[in-house]
Amino acid sequence: MKLKKNIATSEEGFIFNPGTGDSFSANPIGTDIISLLKDNKPLETIVEIICDKYDVDQSQFIKDLDDFESQLKDYGILE
Amino acid sequence: MEKVRYERPIIQKMNTGLMNKFGTRTEYEPVTHIESVPVKSLLNDYGSPLFVISEKQIRRNYQNATRIFKTRYPKVQFAWSYKTNYMNAVCRVFHQEGSWAEVVSGFEYDKALGNGVPGNKIIFNGPDKTDEQLLAAARNNSLIHIDHYDELYSLIRLSEENKLKPRVAIRVNMDTGIYPKWDRFGFNFENGQAWNAITRIINSENLELVGLHCHIGTFMLAPSAYAIAATKLCELTWKIKEKYNKVLQYIDLGGGFPSANTLKGAYLPGSDTVPSIDQFADAITDVILGFGFKHEELPLLILESGRVLIDDAGYLLGTVLATKRLSDGRRATILDFGVNSLFTAFWYDHKVTPAQAFGDHTEEMVLYGPLCMNIDIIRESITLPLLEKGNHLVVHKVGAYNMTQWMQFITLRPNILMIDLENKTHVIRKSETLQDLQANELIPSHLKENTLK
């Protein structure tokens with residue numbers, strides 16, 4: 001999962017794709033994941049960091065992360 | 001360090017210029033208790049899904065409706081519409097409050113007797129009454145509302161043969177300015193059929209005409225239609241007095257008052273658009289009181305309201321089985337109850353609320369039931385918090401018709417629970433088992449041996 005290089009993000013969860021002009025908003029956990037992706041963190045690290053911060057078990061989060069990835073793909077945010 | 005409460009990650013595209021002026025309604029205020037009983041414990045103790053009925057709300061509704069009518073008109077009687085919800089416990093609450101019974105089939109009639117309703121306080125409506133049922137109703141002195149000529153002549157014959165004189169009314173259908181016109185039940189007012197039937201009954205020595213009945217439709221949104229119906233029944237009542245010097249005991253305006261549910265396709269929620277009972281009461285009682293009857297000859301006003309008295313006393317609690325995304329990116333949430341249990345999902349956009357606290361983020365989704373059937377949709381579009389497998393939901397205003405029109409299809413029907421006035425819980429109908437389902441099945445002898453080798 002790799003974010004397109006030109007995607008702009010803010011800490012408040014605002015995401016902008018200058019290629020298409022589309023704007024997006026994410027919830028706090030979505031913002032955290034996008035920020036980690038922006039830092040090129042591998043998936044294993046993302047899972048570790050998120051499960052450490054949020055009250056969720058790993059299998060649940062991995063399932064939801066798959067779903068989030070498909071959302072990002074649909075919106076053309078991933079490479 | 002305490003961990004942050006989890007909700008699954010979402011990203012939503014921001015659109016402009018697509019909202020209607022009222023915005024989309026978001027049901028994120030959780031409903032965690034029904035009459036002070038936690039939803040979570042109800043589902044833990046009685047399984048999911050679960051129908052819950054508030055006895056307190058039934059009594060509140062009944063007392064409110066009777067107060068509204070009785071403060072406007074001196075002689076009012078409600079008769080509980082069995083087909084709306086014929087769970088015995090529910091019927092008995094209405095009967096304890098003073099409601100008669102209104103039934104439309106033989107088994108409903110027997111249920112009413114079983115619930116302790118005296119025969120003379122049962123109104124027998126509907127087009128399907130067998131000779132046996134008509135005789136039983138006549139012997140019990142019930143009020144038989146005749147639907148068609150075949151029934152009228154059957155009843156005359158049965159009464160002559162058995163030397164009975166049953167108390168009868170006819171159901172009158174009429175143009176009240178609404179569409180569709182319900183002319184399939186009863187005798188028509190405008191073409192003179194109703195008057196012909198009345199004449200036939202009055203000329204019969206074996207029937208006693210005691211009232212007139214109509215039921216102009218269901219989920220009626222126009223109080224003015226009831227004013228027209230009341231006017232036409234009063235005209236017939238007046239004409240009977242003039243021509244035959246006979247004072248009718250009652251006029252029965254049937255049911256049809258809407259609940260605050262939102263019909264599919266409605267622009268605004270039902271709670272904002274549905275007329276109040278006061279408006280219907282004004283429309284009906286103004287006509288009867290203003291018609292010119294002598295005070296002592298004012299007919300008893302019977303009402304057979306169902307939906308408006310029970311809908312908001314019923315809840316369906318359920319659980320999220322799964323969430324997924326559809327091919328167009330929309331969220332789909334699969335619940336453990338479907339249209340087989342929540343039959344009214346076919347015509348209402350039911351209010352659905354989460355039963356636990358969530359964060360501020362919401363998403364639009366489709367709510368599906370668990371059936372392997374494409375039509376199993378609870379809500380085609382609703383904005384709710386980010387639901388997860390195992391989350392609980394509450395569907396509101398499900399007390400009318402679901403517990404009678406529900407289907408045993410693919411899944412078995414769940415428990416129905418009543419919360420009493422002291423917030424104690426009582427199962428009033430046990431969830432079905434495979435044994436219940438197969439109790440009436442028979443296997444021919446040549447199929448008894450399993451032949452699959």
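As shown above, the structure is provided for reference.
Reference entry: report on the structure contained in this document. All figures in this text were calculated on a predicted structure; none of them were measured in a lab. (Residues numbered from 1 in each chain as written. Chains lettered and ligands numbered in written order. Predicted model: local features only at pLDDT ≥ 70, side-chain atom pairs only at ≥ 80, totals over all residues.)

**Concerning the overall build of chain B**
Part 1: Looking only at helices and strands, chain B has 13 helices and 21 strands in total.
Part 2: The C-alpha radius of gyration of chain B comes to 25 Å, within 12% of the 22 Å expected for a compact globule of 453 residues.
Part 3: Oriented by its inertia axes, the alpha-carbon framework of chain B measures out at about 85 × 65 × 45 Å.
Part 4: Here chain B holds 453 residues, and the buried ones make up 42% of them.
Part 5: By sequence separation, contacts in chain B at least 24 residues apart represent 69% of the contacts at least 6 residues apart. (Helix = DSSP H or I, 4+ residues; strand = E, 2+ residues; numbered from the N terminus. Rg over C-alpha atoms; globule rule 2.2 N^0.38 Å. Buried ≥ 20, exposed ≤ 12 C-beta atoms within 10 Å, placed from the backbone. Contact = placed C-beta atoms within 7 Å.)

**Quick notes on the interface of chain B and chain A**
Part 1: Contact with chain B, which involves 16 residues of that partner, is made by 22 residues of chain A.
Part 2: By residue number, the principal contributor to the side of chain B that touches chain A is strand β1 (residues 11-13) of chain B, which donates three residues.
Part 3: Broken down by class, the residue content of the side of chain B that touches chain A amounts to six nonpolar, four polar and six charged.
Part 4: As defined by bridge partners, strand β3 (residues 22-26) of chain A adjoins β1(B) across three bridges and the pair is classed as antiparallel. (Nonpolar A, V, L, I, M, F, W, Y, C, P; charged D, E, K, R; others polar. Pairing = 2+ DSSP bridges.)

**Focus: helix α10 (residues 277-289) of chain B**
Given 3.6 residues per helical turn, the α-helix brings residues three or four places apart onto the same face.
All names here are of chain B.
Part 1: Here α10 spans 18 Å end to end across 13 residues, near enough to the 18 Å set by a 1.5 Å rise per residue.
Part 2: Those residues of α10 that sit buried are I277, F280, A281, A283, I284, T285 and I288.
Part 3: Elements in contact with the buried residues of α10: α2 (55-70), α8 (223-244), β13 (300-303) and α11 (307-310). (Expected span 1.5 Å × (residues − 1).)

**Some points on the environment of V52(B)**
Residues and elements named next belong to chain B.
Part 1: Looking at where V52 falls in the secondary structure, it is placed in strand β4 (residues 50-54).
Part 2: With 237 residues separating them along the chain, V52 and L289 place their C-alpha atoms 40 Å apart.
Part 3: Here V52 is in contact with I34, L42, Y315, L317, L417 and I419, once residues within four sequence places are set aside.

**Looking at the packing of α2(B) against α10(B)**
All names here are of chain B.
Part 1: Between α2 and α10, the least distance of the axes is 9 Å, while the angle of their chain directions is 30 degrees. One way to sum up the angle between α2 and α10 is to call them roughly parallel. α2 and α10 meet at a crossing whose hand is right-handed. For the pair formed by α2 and α10, the contact residues are A65, I68 and F69 on the first element and I277, D278 and A281 on the second.
Part 2: Residue classes in the contact of α2 with α10 are distributed as five nonpolar, no polar and one charged. (Axes fitted to C-alpha atoms, helices over the stretch in contact; angles between N-to-C directions. Parallel < 35°, antiparallel > 145°, perpendicular 65-115°, else oblique. Left-handed = near helix turned anticlockwise from the far one by under 90°.)

**Things to note about the packing of helix α5 (residues 131-139) of chain B against helix α6 (residues 149-162) of chain B**
Residues and elements named next belong to chain B.
Part 1: Following both chains from N to C, one finds α5 and α6 inclined at 60 degrees, their axes separated by 10 Å at the closest point. By the angle between their axes, α5 is oblique relative to α6. Here α5 runs over α6; the crossing is right-handed. Contacts between α5 and α6 involve D131, L134, L135 and A138 from the former and S154, L155, L158, S159 and N162 from the latter.
Part 2: Its residues assigned to classes, the contact of α5 with α6 comprises five nonpolar, three polar and one charged.

The analysis is restricted to geometry; functional conclusions fall outside its scope.
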